[in-house]
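Residue-level structural notes
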Amino acid sequence: MSELDKPYNPKEHEDKVYKLWEESGFFNPDHLQATSDKRQATSFCMVMAPPNVTGSLHMGHALEYTLSDVLVRFKRMRGFETLWLPGTDHAGIATQNVVEKDLKKQGLTRHDLGREKFLEKVWEWKEKYGHIIVDQLKKLGVSADWSRARFTMDAEYQEAVKTAFVHYYSKGWIYQGERTVNWCPRCATSLSDLEVEYKEEDAEWYEIKYGPLVIGTVRPETKLGDTAIAVNPNDSRYKKYIGQELEIDTVLGPAKVKVIADPEVDMDFGTGAMKVTPAHDLHDFELAEKYGLDKKQVIGPDGKMTELAEKYAGLTAKEARQRIVQDLETKGLLVSRKPYQHRVAVCYRCSSVLEPILSKQWFLKMKDLAQSASDAVKNGQVKFHPENFAKTYLDWLNNIRDWTISRQIWWGHRLPVWQCQTGSLKSKIESQKSKTEEDFVVANEQPQTCPSCKNCLMMQSADVLDTWFSSALWPFATLGWPQNTRQETRDKRQDSDLDKFYPTALITNDRGIINLWDARMIFSGLEFMGQVPFKDILVHATVLTKDGQRMSKSLGTGIDPLELIEQHGADAVRFALMWQTMGAQDIRWQQEAVVAGKKFLNKIWNAARFVLQNATYNLQLTTYNPENLAAKINTQIVNEFQKIKEQVSDYIDNYEFGQALHTLYDFFWHEFCDRYIEETKKLNDNETSQTLLYVLAESLKLLHPFIPFITEALWGKIPLADKKLLMVEKW
C-alpha cells in the first residue's frame, strides 16, 4: 500500500481515474456483461439529452448530467446491464449562426459560398469544435458509453428522420400550406410556437379611430394589413355594427372594413374592439380561416414593409411605426397614446424580435399524436417526477396547434421532398390535374424518373426540418431504428440494442423542454415503436444565482462549472449540485456547498489514511463476518451502516438524490469518523481493524455514484482479494 497524499489533491487523480475507466471498457454494457458473472438479465438504459454541438457546459448541464450519472453508476453497481447512450445534437439554427459569424469576419456570407460549400464549412467546424462539450462531460465524470455516441446528422440518423417524415406524409399528417407563422428576420426562417421566447419591453399603447369605432394596438404598422374588426357578440357597445362593412379613414386613404363577432374577443381588454390582421398574427389567422377573411401581408420576410404598405414600403417595421403614428396625428385619427409594457416575442437563438408573417410551410397534424401523448400520461404509462409537471405537459397538448416543421436554413435534415427542375410539374397539375394532387414527390431517395417531364433529375426541397423533429426520434433512432426493425436486418442478427434497451427507463431534463422534447419523444415512440420511449420523466431543478436570477453569460450572472472543477475538482462540484438537490423547483446556487464538498473529500481521504496506515492485521477481509462480531462498538457501526445502505438505496430509487447524499454525509462524518474512528484509536485488535476497513470499503461503494473520482482512487489503495474497479463492484 502506497502512502496517501495529505491533503487530497483532485488534480493528481481525476484525469488518471477517468482514463482508467475508459480503458476498462466498463462504460460499454457488452464488455461489462462479458467480463462479469454478476450482471442481471434486466437491462437499464438512459439516453443522454444530447447537448448542442455548439454548446459548452453550464450549470444546468452539470446538474442534469450529474443526476443522470449518479443513477447510472448506481444501477451498474446493482448488477443491471447498464447503458447510458450519449450523443450531440446538430442544433440547426445555432450551429448555422456560429459558422455564419465566422464567415462574417472574413467579409463573406453563406450565399457567397453557396449551399454545398457552406455545409462543408459547417462540417469542418463540427469536426474541429464539436468534441468540446463531450470533453467537458468527461471532466465532470460522466460514465456514458462513448463507443455508442450518436450525432443527429449521422448517416443512419438521417435515414431515420427521412423514414419518419415519409411515414407521417403517407398517413396524411404532413401537409404543405400557407399559414401565419413565427418568423425570425435575422435567421430568415420560421419557428414553432415552442421556439419563441418573450422579453418585457417598454412600448406605447395607441388608440386609433376606425370610423365610428376606436381600436387599440401597440403595433400600428400592422394596421395596414387589417381585413376586419372583431368584437364580442355579447358586447352591447358594438352589437349594432356586427355584420356591417364600415367606411373608415386610414393613413393610406379611405377603406372598408367588416365587423365580425367572435366569443374569443375579450370585452375588457383595450376598447373591446380588436383589429384583425390575419397575415401578421397567429390568432388573427385562425379568425380569418374561421370567417373567410382576406389576408394582406404588409411586412415581408426581411422585416421590411411590402409594396402593399404603399408609401411606407421598404421601411423597417419600427421605422414604419414612427411614420404612421405621425401621419395618424396629422390626420386626427390618433385618439390617445400612453406608455405600455408588454411581452415581445423573440427568437430563441438570436433574440431578434419576431414578425408573424404569412408563409408557405410544412406542418405536422397534431390532433392524433397529441391525444396519444396525453393518454400515455393520463393512464400512467409515463410518470412525471415531480408529478405536478404533468399539468404543464397536458395543458400544452390540450391547446396544441399543428407543428411548423420546416425551416429556411441550410444546416439540418433536408426534407425528403422532390420537385421537377423544369418547373412544369406545378403548371401541369394546375391545368390538367385535380386540386387534390400535389406538385412534389415525397420519398426517402431521389426518384429515378420525374413524373412530370419524365426527363430531369428531380430537385430536393431547400427547406430543412425543425431540429426538434429529429430529436423527437432520439430514444429509438439512437438504438438502431429503423434498420433493426427490417426483416432482412433481423435475420442476420441474434439481438440488437433496440430489442434489448427499448423502451428506456427514464429521461431527465429541465422543465423548459417538457413540451419541446418530452412530449414529442412520447408520441414518436408510440407512433413508430408502439411503446412509450421511457417510463419516467425526471424534471430537475433550475439552477439560479444566489439571489434568484437566471444564470446567463450575456447578463454576467453565469457561473462556469469548468472553472469550479479547475479550482476545486469535479467531485466537489458534483457534491455541491447533489447537496442542493432537495426536491425544490429551483436551486439558488450556494458557493459554500462546493467548499463543504471539498472539506468532505478531505475528511474521506484522511479517514482512509488512518484506516490504511494504522491497520496491523490481515486486511483481505476473506474471513470477515459482519454478522458475527464480538465487540459491541463494531456491531453498532455495522448495524448502523446496514440501515444507511437501505435508506440510500431507497432514496436513489425514488430520485431523492439530495436526501441520499445528506444521509451518507452525516453517517460518514459523524458516526464513522467522529465517533467510531475516535473510539477505536485506543483499540488494537483484528476484529476492529477489519471492521474499520469493512465500513470504509462499503462506504466508498455508497459514495461512489456521487463522488466517483476520489472513491475510485481510494478503492485502488485498499488491499482486497478479487478486487475490480469500484465502478463495477457490487453495491
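Within each chain, residue numbers correspond to sequence positions counted from 1 in written order. Under the rules for a predicted model, residues below a pLDDT of 70 receive no local features and side-chain atom pairs below 80 are neither given nor counted, while totals for whole chains, interfaces and linings still include all residues. Side-chain numbers come from the whole structure's heavy atoms, not from hydrogens or water.

Description of the sheet that holds strand β14 (residues 355-364)
Any two strands between which DSSP finds at least two bridges are classified as paired. Numbering of helices and strands runs from the N terminus; a helix is a DSSP stretch of H or I covering at least four residues, while a strand is a stretch of E covering at least two. In spatial order, the strands read β6-β5-β14-β16; together these 4 strands make up an open sheet with antiparallel pairing. The open sheet has two edge strands with one neighbour each: β6 (189-191) and β16 (403-404). Judged from the 10 bridges that link them, strand β5 (residues 174-184) and β14 form a sheet pairing that is antiparallel. Residue pairing in the sheet places glutamine 176 in a bridge with tryptophan 362 of β14.

Remarks on the nonpolar core
Only buried residues count toward a nonpolar core, which is a set of Ala, Val, Leu, Ile, Met, Phe, Trp, Tyr and Cys residues joined through side-chain atoms within 4.5 Å. Using a 1.4 Å probe on the protein chains alone, a residue whose accessible area is under 20% of its type maximum counts as buried, one over 50% counts as exposed, and one in between counts as partly exposed. Counting residues in hydrophobic clusters, the biggest one holds 102 residues, and the most contacted among them are Phe657 and Phe672. The contact rule is simple, with two residues in contact once any of their heavy atoms fall within 4.5 Å. Those residues in contact with phenylalanine 657 that lie beyond four places of it in its chain are Leu67, Val70, Leu71, Leu538, Met578, Thr581, Ile652 and Phe706. Judged by nonpolar contacts, the second largest core, of 60 residues, contains Ala373, Ala390, Leu415 and Phe534.

Overview of helix α25 (residues 708-715)
The element α25 is largely enclosed, with a buried count of 8 among its 8 residues. Looking at the buried positions of α25, the neighbouring elements they touch are α1 (14-24), α3 (59-77), α7 (132-140), α20 (570-579), α21 (592-614) and α24 (686-703).

Describing helix α4 (residues 92-105)
Under the convention used throughout, the expected extent of a helix is 1.5 Å for every residue step, that is, one less than its residue count. Taking 1.5 Å per residue as the helical rise, α4 with its 14 residues ought to reach 20 Å, and the 21 Å between its terminal C-alpha atoms agrees with that figure. Here α4 has its buried residues at Gly92, Ile93, Ala94, Thr95, Gln96, Asn97, Val99, Glu100 and Leu103. Of the residues one or two after α4, glycine 107 is the one with positive phi, at around 75°.

With respect to the packing of aromatic side chains
To pair, rings of Phe, Tyr and Trp, with the six-membered ring standing in for Trp, must have centres within 6.5 Å; the planes then decide the type, stacked if under 30 degrees apart, edge-to-face if over 60, and tilted in the middle. This model, assessed by the stated rule, comprises 39 aromatic pairs. Relative to tryptophan 481, the ring of phenylalanine 476 lies with its centre 5.2 Å away and its plane at 90°, an arrangement referred to as edge-to-face. Using a relative accessible area of 5% as the deciding quantity, one classes tryptophan 481 as buried. The ring of phenylalanine 80 carries the charged tip of lysine 75 above its face, separated from the ring centre by 4.8 Å. Definition used: whenever NZ (Lys) or CZ (Arg) falls within 6 Å of the ring centre and also within 35 degrees of the ring normal, the charge is taken to sit over that ring.

Points about the sheet that holds strand β13 (residues 334-347)
Strands sit in the order β8-β7-β13 across an open sheet of 3 strands; the sheet is antiparallel. Lying at the two open borders of the sheet, with one neighbouring strand each, are β8 (213-217) and β13. On average, adjacent strands in this sheet sit at an angle of 20° to one another, irrespective of strand direction. Here strand β7 (residues 196-210) runs beside β8; their pairing, made up of 5 bridges, is antiparallel. Paired with tyrosine 206 across the strands is threonine 217, a residue of β8. Inter-axis angles, ranging from 0 to 180 degrees, are taken between N-to-C directions of lines fitted to C-alpha atoms, where helices are fitted over the stretch in contact. The sheet contacts of helix α10 (residues 317-330) involve β7 and β13, and relative to β13 the element is tilted by about 165°.

Points about the packing of α20 against α25
At a minimum axis separation of 7 Å, α20 and α25 run at an interaxial angle of 130°. The pairing of α20 with α25 is recorded here as oblique in orientation. When α20 is examined against α25, the residues Ala570, Asp571 and Arg574 are found in contact with a partner set consisting of Pro708, Phe709 and Ile710. Note that the term roughly parallel is reserved for angles under 35 degrees, roughly antiparallel for angles over 145, roughly perpendicular for angles of 65 to 115, and oblique for everything else.

What about unusual backbone geometry?
Cis geometry marks the peptide bond from tryptophan 481 to proline 482; its omega dihedral reads 5°. Among the structural elements, proline 482 can be located in the loop between α15 (474-477) and α16 (487-490). Residue proline 503 is bonded to the preceding tyrosine 502 through a cis peptide linkage, with omega at 0°. Within the secondary structure, proline 503 sits in the loop between α17 (497-501) and β22 (506-510). With a phi close to 50°, alanine 91 is a non-glycine residue in the positive phi region.

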